[in-house]
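# Structural overview
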Amino acid sequence: MILSAHQPNYLPWLGLFEKIIRSDLFVVMDTVQYSERCFLNRNKIRTPDSWTWLSVPVIYTGKESNLRQIKINYEVDWGMKHWKSITYNYKKSKCFKKYEDFLYHYFSFEWDNLVDLNMSFINFVLDELNINTKIEYSSNNPEIQGKKSDLILSMCKAYNTALYYSGANGINYLKIKDFDEANIPIYYQNYKFPYYAQCQKGFVPSMSILDLLLNHGEDSKEILLKSQYPIIGKLKNKEVII
């Protein structure tokens with residue numbers, strides 16, 4: 001079984017869905033520590049000239065022990081602000097009308113916590129693109145413990161993983177020796193953002209998958225997999241290219 005995992009980001013980039021597609025099991029890491037100034041509560045959308053951030057205000061004191069505890073701050077009407085920004089920048093996109101109702105209700109709903117907000121959108125995209133990878137939450141498995149490399153290794157062992165498909169940054173913290181001893185090979189994602197037509201002039205990469213979805217709808221799955229690049233693997237400390 002191929003396993004991958006990641007924190008549930010807000011309106012994630014294409015690479016997260018590529019990881020899910022290529023895995024038999026994807027673990028939502030909702031028990032890790034919240035980090036400020038990352039993609040857990042913000043992401044990028046296109047504008048006529050470039051791009052802009054959409055950021056969700058959260059209540060964070062630094063005392064929260066895991067991501068599940070992060071609540072959304074509704075002292076400002078950020079949902080309608082995001083909705084208006086998306087409407088302004090994508091109302092002429094090919095698939096805006098198709099997703100308009102979902103997006104309006106998504107941004108109108110008062111979500112309790114950040115994980116539920118993010119996973120609602122992720123699950124919608126998975127359904128829309130017919131991605132059937134099994135999804136689990138780290139909070140539902142008490143065997144998943146530790147931090148960084150130890151956390152990932154315990155996760156792999158908990159699900160009897162045959163191969164771990166890591167994000168590119170995993171090469172900086174995963175302890176290869178521990179995975180070798182457990183006979184669990186690691187492949188590192190080497191995702192390159194594919195070109196596709198955007199409703200604005202020109203092409204700006206690294207946008208939220210919302211940008212791709214509003215421009216290409218059900219064809220988004222084929223596009224996000226279109227750009228094939230080698231996946232870098234490590235087994236017994238030997239690098240292999242697949």
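Figured I'd write up the structure that's included with this text.

Calculation rules
Residues numbered from 1 in each chain as written. Predicted model: local features only at pLDDT ≥ 70, side-chain atom pairs only at ≥ 80, totals over all residues. Heavy atoms only, no water. Salt bridge = Lys/Arg side-chain N within 4 Å of Asp/Glu carboxyl O. Helix = DSSP H or I, 4+ residues; strand = E, 2+ residues; numbered from the N terminus. Buried < 20%, exposed > 50% of the residue type's maximum accessible area, 1.4 Å probe, protein only. Expected span 1.5 Å × (residues − 1). Polar contact = N/O pair within 3.5 Å; in protein donor to acceptor, adjacent residues only side chain to side chain. Pairing = 2+ DSSP bridges. Phe/Tyr/Trp six-rings, centres within 6.5 Å; stacked < 30°, edge-to-face > 60°.

## Some remarks on the pattern of salt bridges
Proximity of charged atoms lets side chains of opposite charge pair with each other. In total, this model carries 9 salt bridges according to the counting rule given. Where Lys 71 meets Asp 112, a salt bridge forms, and the shortest distance between an N and an O atom there is 2.8 Å. In this pair, Lys 71 is assigned in strand β6 (residues 71-72) and Asp 112 in the loop between α3 (96-108) and α4 (114-128), connecting sequence segments 41 residues apart. Taking relative accessible area as the criterion, Asp 112 reaches 47% and is therefore assigned partly exposed. Linked by salt bridges that have partners in common, Asp 30, Arg 68 and Asp 116 make up one network.

## Topic: α4
Quick reminder: α-helices carry 3.6 residues per turn. Residues three or four places apart thus point the same way. When the terminal C-alpha atoms of α4 are compared, their 22 Å separation across 15 residues agrees well with the 21 Å that a helix rising 1.5 Å per residue should span. Looking at α4, one finds that the buried residues are Leu 114, Val 115, Leu 117, Asn 118, Met 119, Phe 121, Ile 122, Phe 124, Val 125 and Leu 126. One side-chain oxygen of the residue at the start of α4 lies 3.2 Å from the amide nitrogen of Val 115, identifying that residue as Asn 113. Backbone geometry just after α4 places Asn 130 at a positive phi near 55 degrees.

## Some points on the pairing of strand β3 (residues 42-46)
Counted residue by residue, β3 has 5 buried out of 5 residues, so it is predominantly covered. The sheet contact formed by β3 and strand β4 (residues 51-55) spans 5 bridges and is antiparallel. Bridge assignment links Lys 44 to a residue of β4, and that residue is Trp 53. Where β3 folds back onto β4 in an antiparallel hairpin, the turn is made up of 4 residues.

## Focus on the packing of aromatic side chains
Summed over the entire model, instances satisfying the criterion amount to 17 aromatic pairs. Here Tyr 74 and Trp 78 contribute two aromatic rings whose centre-to-centre distance is 5.9 Å and whose plane-to-plane angle is 40 degrees, an arrangement assigned as tilted. What makes Tyr 74 partly exposed here is its relative accessible area of 28%. Here the aromatic rings of Phe 109 and Trp 111 are separated by 4.7 Å at their centres, their planes lie at 65 degrees, and the arrangement is edge-to-face. Judged by its relative accessible area of 48%, Phe 109 falls in the partly exposed class. Using a relative accessible area of 16% as the deciding quantity, one classes Trp 111 as buried.

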